[in-house]
Amino acid sequence: MWRPIFSVVVVLLFASSAFAKGDASSVPFRVYRGHFIVVEGSLANLPKQNFVIDTGVSPTMINLRVAQSLGLSGSTRTIHALMHDIDTTEMSLESLTLGPIRMNNVLVVARDLTGLEKEVGVRVDALIGLDVLRQSSFTIRYSDNTILFGSPALSLTAT
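From a predicted model like this one, the values you see are computed outputs, not experimental measurements. (Residues numbered from 1 in each chain as written. Predicted model: local features only at pLDDT ≥ 70, side-chain atom pairs only at ≥ 80, totals over all residues. Heavy atoms only, no water.)

Chemist: Looking at this structure, how should I read the sheet that holds strand β1 (residues 25–28)?
Modeler: Two strands in a sheet stick together by hydrogen bonds in their backbones, pointing the same way (parallel) or opposite ways (antiparallel). Ordered by their spatial adjacency, three strands build an open sheet running β1-β11-β10, and the pairing between neighbours is antiparallel. In this open sheet, the two strands that pair with only one neighbour each are β1 and β10 (138–141). Direction aside, the axes of adjacent strands within the sheet are offset by 20° on average. Bridge count between β10 and strand β11 (residues 146–149): four bridges; the pairing is antiparallel. Following the sheet pairing, Phe138 is matched in β11 by Phe149. (Pairing = 2+ DSSP bridges. Helix = DSSP H or I, 4+ residues; strand = E, 2+ residues; numbered from the N terminus. Axes fitted to C-alpha atoms, helices over the stretch in contact; angles between N-to-C directions.)

Chemist: What is the right way to read the layout of surface pockets from this model?
Modeler: For the largest pocket, the calculated volume is near 160 Å³. Taken together, 11 residues make up the lining of the largest pocket; nearest its centre are His35, Phe36, Val52, Ile53 and Asp54. The set of elements that each furnish at least two residues to the lining of the largest pocket consists of β3 (36–43) and β4 (46–53). A breakdown of the residues in the lining of the largest pocket according to their chemical character gives eight nonpolar, two polar and one charged. (1 Å grid on protein atoms, 1.4 Å probe; cavity = no way out; pocket = protein on both sides within 12 Å on 5 of 7 lines; lining within 4 Å. Points joined across faces, edges and corners; volume = space filled by probe spheres on them. Nonpolar A, V, L, I, M, F, W, Y, C, P; charged D, E, K, R; others polar.)

Chemist: What is the right way to read the pairing of strand β8 (residues 101–111) from this model?
Modeler: One face of the sheet, then the other: side chains in a regular strand alternate in exactly this way. Sheet topology places strand β5 (residues 61–63) next to β8; three bridges connect them, and they run parallel. Each residue of the ladder has a partner; that of Met61, found in β8, is Val109. The pairing of strand β7 (residues 84–98) with β8 spans nine bridges and is classified as antiparallel. Each residue of the ladder has a partner; that of Met91, found in β8, is Val108.

Chemist: Can you walk me through the nonpolar core in this structure?
Modeler: Here is a general trend for soluble globular proteins: nonpolar side chains tend to be buried in one another's company. Of all hydrophobic cores here, the largest spans 26 residues; its most connected members are Val39, Ile62, Leu96, Leu98 and Ile128. Looking at this core, the elements that each hand over two or more residues are β3, β4, α2 (64–69), β7, β8, β9 (126–128), α4 (130–133) and β11. No other element matches β8, which puts five residues into this core. With 14 residues, the next largest nonpolar core counts Val57, Val120, Val124 and Leu127 among its residues. (Core = buried A, V, L, I, M, F, W, Y, C linked by side-chain atoms within 4.5 Å. Buried < 20%, exposed > 50% of the residue type's maximum accessible area, 1.4 Å probe, protein only.)

Chemist: What am I meant to see in the pattern of salt bridges here?
Modeler: Pairs may arise between side chains of opposite charge once their charged atoms sit close together. A full pass over the atoms with the stated rule returns five salt bridges. Measuring nitrogen to oxygen at the nearest pair gives 2.8 Å for the salt bridge that ties Arg65 to Glu117. Here Glu117 lies in helix α3 (residues 114–120) and Arg65 lies in helix α2, a separation of 52 residues in the sequence. One salt bridge connects Arg77 with Glu90, and the closest N-O pair in it is separated by 2.7 Å. Linking Arg77 in strand β6 (residues 75–81) with Glu90 in strand β7, this pair joins segments that are 13 residues apart in sequence. Connected through shared salt-bridge partners, Arg65, Glu117, Arg123 and Asp125 make up one network. (Salt bridge = Lys/Arg side-chain N within 4 Å of Asp/Glu carboxyl O.)

Put into C-alpha cells, the structure is as follows:
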C-alpha cells in the first residue's frame, strides 16, 4: 500500500525538481478581473502582443486591428465562441509564438475584440485557444503566475 504512494511522491519531487532547474519552459502571466490570464507573445513580426488564454476557444482569434496592421485578409466564417455564434474572418497568420510554442501558417480568425478589451481591462491582441495550446503540455501555476510548458514528469515515469 505504501509503495504506490511513495512512487507518486517521488515522481512529484522529481517533476518539481525538473521544473525548478528550468528543464521546462515557463512564461509569466498576469491575471485581470480575477480570471483573465494574459501572457505576452508575438504575432508574425509584432512582438510584445497581449494574449488572453482561453482553453474554450478554437481556432485562435486575433484582434481585427492586428490583422489590419499585418495586411491580412481572408474569408467570412461564423464560429461559436464566447458562448455565441459570431461572424469572423478566417485567415492564415504567418507565425505565432507563445513561450516555447512556435507555429507557422496558423489558421486563425479575426474579430474586433474591443468589447473583450473593455471586459479584461487591458489591450487584447489575440485570444489563444486549444489549437495553439495543444502543441505542448502545460501547467497553469497560480502560485507564482507562471505557465509551465513541457512535461518532465512523463519522461521520468516511462520505464
